[in-house]
Amino acid sequence: MKLVLAKSIGFIINLLVYVSPKRAAFLAIRLFSKPRKGKHTEEATDFLNTAFQEEVFLKDRSIMTYRWPGKGETILLVHGWESNAFRWKSLIDSLKLKNFNIVAIDAPAHGKSTDKSFHIIDYAEYIHLVSRKFKTQTIISHSFGGLATICFQYKYRLPELKKIVLLGAPSNLKDVMKRYTKLMSYNSKVIKAINAFYLNQYGHLPEYYNAAKFTQDLNSSGLIIHDLTDPIIPYQDALDYKRHFPNAKVISTKNLDHSLKSREVEEHILEFVSNQIIVFS
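Right, let's walk through the structure included here. Here the structure is a predicted model, which is why all the values come from computation and not from measurement. (Residues numbered from 1 in each chain as written. Predicted model: local features only at pLDDT ≥ 70, side-chain atom pairs only at ≥ 80, totals over all residues. Heavy atoms only, no water.)

1. A closer look at the overall build of the protein
- What the protein contains, in helices and strands, is eleven helices and eight strands.
- Radius of gyration (C-alpha) of the protein: 19 Å, near the 19 Å computed for a compact globule of 281 residues.
- Dimensions of the protein, computed from C-alpha atoms along their principal axes, come out at roughly 60 × 40 × 35 Å.
- When the 281 residues of the protein are sorted by exposure, 54% land in the buried category.
- In the protein, the share of contacts with a sequence separation of at least 24, taken over all contacts with a separation of at least 6, comes to 75%.
- Accessible surface computed for the protein: about 13600 Å², of which carbon and sulfur atoms make up 53%.
- Within the protein, the 26 negative side-chain charges are centred at a point lying 6 Å from the centre of the 39 positive side-chain charges. (Helix = DSSP H or I, 4+ residues; strand = E, 2+ residues; numbered from the N terminus. Rg over C-alpha atoms; globule rule 2.2 N^0.38 Å. Buried < 20%, exposed > 50% of the residue type's maximum accessible area, 1.4 Å probe, protein only. Contact = heavy atoms within 4.5 Å. Areas by Shrake-Rupley, 256 points an atom, 1.4 Å probe, with all protein chains shown as cover. Lys, Arg positive; Asp, Glu negative; His and termini not counted. Charge placed at Lys NZ, Arg CZ, Asp CG, Glu CD.)

Written out as structure tokens, the structure is:
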């Protein structure tokens, strides 16, 4: 969303809140949660068709899962905003060589999953269902997928989940919302209405979902990889995790952008999940 357009829409919602706070909050949340990208390309479809595909349902909604069976431990791949399971193609190819049992998902409103909107807390519930169904032992997550992963594990404490990888993950929902409301120039009444939406929908304000603090009570081992110049999620979020996650290692990269797609990052991930150093030829 271009800055001028964002400010214009924000101005309209700032006026609407004086007439209908609930309507203003609905529109603000809808803008925040409706992805503009994330559907499959033809290349993505061809690759994902090599997997076993199965929907996992939460009430009347579903997300698509993709499985590449292996004899090793089960690894779940969790993507972020405006992406889909195909973002993991290179890593999947590497994990297959190690004979891991691989599961990837399309988030709500992404790829082949249903829903027209994406909410981090709902995503956490889906990740929980998939993790239990496939008895996941390791989760590798990117961006908002990392925040959702920590929120689900903090709530459900699955004992079999031994390792968590966070790639460019935000450390808390409050700051995510703060950046969004600043981008849109929402006034205090709109922000108050948004908070009321979260409290009504999920029983908590956004500030409750502090993933970094959640990690201090987790038994899982962690690998946190974040780029020093990440333009989407500040590097400070990685340091926030570092302060709280007792069993985690932090690796800083440079000039890999928010996507962190590189052989260097794959090497770190493969070493962590394999418990041995991987050398690429």
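Picking up after the structure, the text goes on.
2. Quick look at unusual backbone geometry
- Not every positive phi belongs to a glycine, and Lys 59 is a case in point at roughly 60 degrees.
- With respect to the element layout, Lys 59 can be found in the loop between strand 1 (52-58) and strand 2 (61-68).
- Accessibility expressed as a relative area gives 79% for Lys 59, which makes it exposed.

3. A few points about helix 10 (residues 236-244)
- Buried within helix 10 are the following residues: Asp 237, Ala 238, Asp 240, Tyr 241 and His 244. All buried residues of helix 10 lie within an arc of 155 degrees about the axis, which places them on one face of the element. Those residues of helix 10 that are exposed and angled more than 90 degrees off the buried face are Lys 242 and Arg 243. (Arc of directions from axis to C-beta.)

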